[in-house]
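Structural overview for review
Spelled out, the chains give:
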Amino acid sequence: MALATGLLCAASNIAVSTSGFANVEFVPSSNGSAVCIQGNVPVYASTTKNQNITMPVSAITNQTVVTETIVEFLMAGEGLKQKILSGTTTVSGTYNINARLCYPRNTGINAHSVQFLTHGGGFDKAYWDIAPGYSYVDVAAASGYTTFSYDRLCTGLSSHPDAHNVCQGPLQLAIAHSLILMLRNGTFASTPFKHVIGTGHSFGSGITNGLTVEYPADLDAAVLTGFTTNFTGQPTFFASLDLTIANLNNPIRFGGLSNGYFVANNYVGNQFAFLKGGGFPAANLAFTEASKQTLTLGELLTLGPIIGRATNFTGPVAVVDGESDWMLCLGNCTVPTDLAAAVLPNLYPNASKGSESYLVPLSGHAVNLHYGAQVAFEHIMEFVRKSGF
Ligand SMILES: *[C@@H]1O[C@H](CO)[C@@H](O)[C@H](O)[C@H]1NC(C)=O
Ligand SMILES: *[C@@H]1O[C@H](CO)[C@@H](O)[C@H](O)[C@H]1NC(C)=O
Ligand SMILES: *[C@@H]1O[C@H](CO)[C@@H](O)[C@H](O)[C@H]1NC(C)=O
Ligand SMILES: *[C@@H]1O[C@H](CO)[C@@H](O)[C@H](O)[C@H]1NC(C)=O
Ligand SMILES: *[C@@H]1O[C@H](CO)[C@@H](O)[C@H](O)[C@H]1NC(C)=O
Ligand SMILES: *[C@@H]1O[C@H](CO)[C@@H](O)[C@H](O)[C@H]1NC(C)=O
Ligand SMILES: *[C@@H]1O[C@H](CO)[C@@H](O)[C@H](O)[C@H]1NC(C)=O
Ligand SMILES: *[C@@H]1O[C@H](CO)[C@@H](O)[C@H](O)[C@H]1NC(C)=O
C-alpha cells in the first residue's frame with residue numbers, strides 16, 4: 001500500500017497524502033472542479049448473510065442457460081429461488097476495491113464531511129462523473145464537498161470473485177461498512193472524516209439503505225436516488241436489458257470474466273431501462289453502452305434482502321428519483337401517489353426533520369444521465385448543507 005505522505009499534487013498545488021491507496025493516479029473530475037486520488041484499496045469484509053446458491057457458475061454453459069435463468073428469475077411464484085437457494089452462507093475475505101477520493105481543487109480535502117457514493121447495477125463509479133454538466137463529483141466539489149466513490153465488488157476495476165456465492169448484496173454491504181469505518185479512522189489521505197453522508201443510486205441505494213438498517217451509526221445522512229419501495233416495473237426493466245454473457249458480448253472489455261457475469265446486450269435496452277425520451281443528450285446514451293458494467297445472478301437474487309425498515313436511523317434522509325423512472329414507477333412516479341415521498345414513512349419512521357423527497361423532471365432511472373442532473377445535484381447539495389454537514 002502506498003504510504004507516500006505530503007505528496008505535492010501538481011494538479012492543484014495542494015499537498016495531499018495518498019495513504020490508503022495503492023497504484024495511485026491523480027485524475028481531474030470531468031469539469032475540473034475536483035482533483036481525485038484514484039487507487040486500489042484492500043478491504044477486509046465478512047458476512048453471514050450471503051445466500052447459498054446451489055447452481056454453480058460452471059452450469060452457465062451458454063447464452064440459452066442465461067436467458068432461461070432470467071426468465072425463471074422474473075417468473076411468478078419464486079420458482080428459481082426455490083430451485084437454487086438453500087439457506088445462507090458465510091463469506092469473508094480481503095477484496096481489492098478501486099476507489100476515488102475527490103476534493104475541491106481550490107481548497108483541498110474538506111475533512112468536516114465526505115460523501116460516500118455507491119453506484120447501481122450496470123455502471124461503475126464513472127456514473128458519478130460522466131461529463132461536464134453530468135458530474136455529481138464536480139458539483140459536490142464546487143460546493144466544497146469531498147466525495148469518495150468506488151467500484152462495487154464485482155464491477156469496474158475491483159475484484160471479480162465467484163459470481164454466484166460471493167458477488168452478492170450482503171457482502172457488498174459489509175464492504176461499504178468497512179470503507180466507512182476506514183473513512184472515519186483516517187485510513188484515506190491521513191484524513192479522519194468527521195461526518196459521512198451516503199448517496200446511492202438504484203442497487204447502490206439498496207446498499208445505502210442497508211447501511212442505515214444494519215449499521216445506523218455509519219451515516220450521518222442518507223441520499224437515495226433511483227429508489228422506491230415499489231418494484232412493479234422490475235420484470236420489464238430486466239427483460240429490456242436482454243442480459244447476455246459479458247465475455248461473449250464484449251471480449252475486449254470482459255474477456256477475463258466467467259460466464260456468471262452478464263451485461264446489457266446493447267444500447268437499446270439501456271435506453272429503455274435507464275433513460276427518459278427527450279430528457280438526455282445522445283452522448284449519454286452512448287455512455288451507457290460504452291461504459292456498461294456487469295450484473296450477476298448473485299446480485300439479482302440479493303437486492304431485496306438487504307433493503308429494510310431503518311427504525312434505528314435518526315439522521316435526515318432525502319429520496320431523489322427521476323419523475324419518469326421505469327423500474328420504480330412504470331414511468332410515472334406521481335401515481336398512485338408520490339412514490340419517492342412514500343419511502344420515508346415506509347422505511348424511515350425515525351428519520352430527522354428535514355427529510356424530504358424530490359422528483360427530477362423529465363428523468364428516467366439513471367438520473368445522472370439526464371438534463372435534470374445538474375438541478376438534482378444542486379438540490380442534494382442544498383439538502384446536505386441544510387442538514388448541517
Ligand atoms: C446450452 O447448454 C445446455 C446445458 O449445458 C445444453 O443442454 C444445450 O444444448 C446448450 N445449448 C446450445 C444452444 O448450445
Ligand atoms: C449449500 O446448499 C447445499 C444443498 O443444500 C449444501 O449441500 C451445501 O453444503 C451448502 N453450502 C454451504 C456453503 O452452506
Ligand atoms: C465547467 O467549469 C467552467 C470553469 O470553471 C465553468 O465556467 C462552467 O460553468 C462549468 N460547466 C459545467 C457544466 O459545470
Ligand atoms: C480503520 O478501520 C479499518 C476497518 O475497520 C481497520 O481495518 C483499520 O485497522 C483501522 N485503522 C486504524 C488506523 O484504526
Ligand atoms: C435498534 O436498536 C436497539 C437498541 O440498541 C436494538 O436492540 C435493536 O436490535 C436495533 N434494531 C435493529 C433493527 O437493528
Ligand atoms: C422508532 O420508531 C418506532 C415506531 O415506529 C419506535 O417504536 C421506536 O422506539 C423508535 N426508535 C428510535 C430509536 O427512536
Ligand atoms: C406501485 O407502482 C405502480 C405503478 O406506478 C402502481 O400501479 C401501484 O399501485 C404501486 N403500488 C403501491 C403499493 O404503491
Ligand atoms: C402521471 O400521471 C398523472 C395522473 O394520471 C398525470 O396527471 C401526469 O401527467 C402523468 N405524468 C406524466 C409525465 O405523464
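Rules used in this analysis
- Residues numbered from 1 in each chain as written.
- Chains lettered and ligands numbered in written order.
- Predicted model: local features only at pLDDT ≥ 70, side-chain atom pairs only at ≥ 80, totals over all residues.
- Heavy atoms only, no water.
- UniProt positions renumbered as here; feature names shortened; annotations may be inferred.
- Helix = DSSP H or I, 4+ residues; strand = E, 2+ residues; numbered from the N terminus.
- Disulfide = S-S within 2.5 Å.
- Buried < 20%, exposed > 50% of the residue type's maximum accessible area, 1.4 Å probe, protein only.
- Pairing = 2+ DSSP bridges.
- Expected span 1.5 Å × (residues − 1).
- Near = heavy atom within 4 Å.
- Polar contact = N/O pair within 3.5 Å; in protein donor to acceptor, adjacent residues only side chain to side chain.
- Areas by Shrake-Rupley, 256 points an atom, 1.4 Å probe, with all protein chains shown as cover.

In the annotation of an unreviewed UniProt entry, the entry for the protein reads AB hydrolase-1 domain-containing protein, and the organism field reads Oidiodendron maius.

Further remarks concern the UniProt feature "domain: AB hydrolase-1" (unreviewed entry) in the protein. Residues annotated in UniProt with the feature "domain: AB hydrolase-1" (unreviewed entry) correspond here to residues 117–376. Span residues 117–376 is 34% helix and 14% strand, its end C-alpha atoms 15 Å apart.

With that out of the way, let us pick up the state of the cysteines. Per the stated rule, a full pass over the model turns up three disulfides. Between C154 and C167 runs a disulfide, and the two sulfur atoms are separated by 2.0 Å. Torsion about the S-S bond of the C154 and C167 cystine: about -100°, corresponding to left-handed handedness. Pair noted here: C154 is in the loop between β7 (146–150) and α4 (169–184) and C167 is in the loop between β7 and α4, with a separation of 13 residues, a long-range link. Across the pair, exposure class does not vary: C154 and C167 are buried alike. One disulfide in the model links C329 with C333; its S-S distance is 2.0 Å. Judged by the sign of its S-S torsion, about 80°, the cystine formed by C329 and C333 is right-handed.

Read across the open sheet, the three strands follow the order β10-β11-β12; overall the sheet is antiparallel. Every interior strand has two partners, whereas the edge strands, β10 (244–245) and β12 (295–296), have only one.

This part covers helix α5 (residues 203–214). For α5, with twelve residues, the first-to-last C-alpha span of 16 Å sits near the 16 Å given by 1.5 Å per residue. Where burial is concerned, most of α5 is hidden: ten out of the twelve residues are buried. Among the residues making up α5, those that are buried are F203, G204, S205, G206, I207, T208, N209, G210, L211 and T212.

This part is about the site of ligand 8. With respect to spatial proximity, the complete set of residues near ligand 8 consists of N332, T334 and V335. Here N332 contributes a side-chain N or O atom positioned 2.3 Å from an oxygen atom of ligand 8. A total of 370 Å² of accessible area belongs to ligand 8 in isolation, and the protein chains cover 32% of it.

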